[in-house]
Amino acid sequence: MRLLTLMENESAHARCACEHGLSLYIETARHRLLMDTGASAAFADNAAALGVDLSAVDTVVLSHGHYDHAGGLLRLGQLAPGAAIYMQRGADGDFYHGERYIGMDKAAAALPGVRRVNGELVIDEELALFAGVTGRRLWPQSNRALSVHRDGAVLPDDFAHEQCLVITEGSKRVLLSGCAHNGILNILDRYRQLYGGEPDVAVSGFHMRRKGPHTEEERDVIRQTARELKQTRTLFYTGHCTGPEAFALMADILGDQLRPMHAGMELDV
């Protein structure tokens with residue numbers, strides 16, 4: 001398996017742009033696939049700079065319906081018109097951060113390759129999707145500012161539109177999430193319900209980033225999350241919405257079990 005970060009908030013490659021967004025390219029024995037497409041078409045420019053042929057992509061998984069993960073879908077639709085694009089039902093909803101619209105371009109949700117998923121889906125022996133994460137243990141505090149506008153009402157986002165991808169290669173399993181809005185611990189709990197045990201590798205933002213310093217309450221949540229992750233055997237790659245302060249706090253506890261990911265970086269999976 002090959003896993004390459006095409007877009008992230010920071011770049012590790014001189015020829016790769018960065019933006020507030022996430023896009024991962026994965027090669028398996030059977031597939032060439034993407035998890036998310038960043039906030040713009042820049043992920044495709046990075047792919048070209050890294051020698052990745054996006055026209056060969058056959059599968060796209062949209063982790064959730066926010067612009068910084070779905071912004072390049074229209075460009076991908078041009079480059080790989082035959083690709084299947086999996087998104088949870090409701091991923092094209094009207095999502096907001098405060099007063100700012102952060103949902104996806106509605107035209108992207110109308111691409112011919114879009115396949116709407118309702119909960120879990122086994123694509124084949126390599127790829128499977130799951131949603132249905134309802135736990136709220138150590139839920140990321142930054143979710144409080146996020147909402148969905150539905151039927152004339154403004155409601156807290158419950159992130160039912162968030163899904164995770166599990167890739168199986170022999171005895172190895174890799175778990176991929178976009179932002180882990182539902183909380184990485186709750187996602188791991190759901191994974192255990194479905195698969196038992198823990199993934200070998202998890203690649204995900206942790207949605208702990210904020211503009212100013214964290215409150216002490218937020219630091220406590222971050223540290224406790226890290227302490228629980230430390231009890232697993234999983235190797236974690238994180239970035240994008242995790243934030244540098246949260247990463248540092250968690251790295252103090254997790255050590256080399258927690259690694260960063262940046263645009264242009266190939267991950268050890």
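Residues numbered from 1 in each chain as written. Predicted model: local features only at pLDDT ≥ 70, side-chain atom pairs only at ≥ 80, totals over all residues. Heavy atoms only, no water.

Draft legend 1. Up close: the sheet that holds strand 10 (residues 127–130). Pairing is mixed in the open sheet, where seven strands are placed in the order 9-10-13-14-15-16-17. With partners counted over all chains shown, the strands left at the sheet margins are strand 9 (121–122) and strand 17 (258–260), one partner each. Relative to strand 16 (residues 235–238), strand 15 (residues 201–203) runs parallel, the two being bridged by three bridges. Within strand 16, the position partnered with Ala202 by the bridge is Phe236. (Pairing = 2+ DSSP bridges. Helix = DSSP H or I, 4+ residues; strand = E, 2+ residues; numbered from the N terminus.)

Draft legend 2. The sheet that holds strand 18 (residues 266–267), seen in detail. Spatially, 8-5-4-3-2-1-18 is the arrangement adopted by the seven strands of the open sheet, whose pairing is mixed. If you trace the sheet from one side to the other, it starts and ends with strand 8 (114–117) and strand 18, each paired once. Strand direction decides the pairing type here: strand 4 (residues 59–61) and strand 5 (residues 84–88), joined by three bridges, are parallel. Bridge pairing in strand 5 places Thr59 opposite Ala84. Of the strands in this sheet, strand 1 (2–7), strand 2 (23–27) and strand 3 (32–35) are in contact with helix 1 (residues 42–49), which crosses strand 1 at around 130°. (Contact = heavy atoms within 4.5 Å. Axes fitted to C-alpha atoms, helices over the stretch in contact; angles between N-to-C directions.)

Draft legend 3. Focus on helix 7 (residues 244–254). Taken as a whole, helix 7 has its buried residues at Ala246, Leu249, Met250 and Leu254. Buried positions in helix 7, seen along its axis, are confined to an arc of 125° and lie on one side of it. Among the exposed residues of helix 7, those pointing more than 90 degrees away from its buried face are Pro244 and Asp252. Its buried side turned inward, helix 7 meets helix 6 (216–230) and strand 17. Just past helix 7, the residue Gly255 takes up positive phi, approximately 60°. (Buried < 20%, exposed > 50% of the residue type's maximum accessible area, 1.4 Å probe, protein only. Arc of directions from axis to C-beta.)

Draft legend 4. Main features of the environment of Leu6. One can find Leu6 in strand 1. A relative accessible area of 0% means that Leu6 is categorised as buried. When the C-alpha positions of Leu6 and Leu50 are compared, they lie 8.4 Å apart, and in sequence the two are 44 residues distant. Sequence-distant contacts of Leu6, defined by excluding residues within four places in its chain, comprise Ser23, Leu24, Tyr25, Leu34, Phe43, Asn46, Ala47, Leu50, Leu54 and Ala263.

Draft legend 5. Broad picture of the pairing of strand 16. A two-sided burial pattern is seen for strand 16, the buried positions comprising Leu235 and Tyr237 on one face and Phe236 and Thr238 on the other. The β-α-β motif built from strand 15, the intervening helix 6 and the parallel element strand 16 has right-handed crossover chirality. Where strand 16 lies against strand 17, three bridges are found, and the strand directions are parallel. Among the inter-strand pairings, Phe236 is bridged to a residue of strand 17, identified as Leu258. A crossover connection joins strand 16 to the parallel strand 17 through helix 7; in handedness this β-α-β unit is right-handed. (Right-handed = clockwise from strand over helix to strand, strands pointing away.)

Draft legend 6. Local environment of the packing of helix 5 (residues 184–195) against helix 6. The N-to-C vectors of helix 5 and helix 6 enclose an angle of 30°; their axes lie 10 Å apart at closest approach. One finds that helix 5 runs roughly parallel with respect to helix 6. Side by side, helix 5 and helix 6 meet where Ile184, Leu185 and Leu188 of the first sit next to Thr225, Glu228 and Leu229 of the second. Here the residues of the contact of helix 5 with helix 6 are counted per class, giving four nonpolar, one polar and one charged. (Parallel < 35°, antiparallel > 145°, perpendicular 65-115°, else oblique. Nonpolar A, V, L, I, M, F, W, Y, C, P; charged D, E, K, R; others polar.)

None of this, on its own, says anything about what the molecule does.
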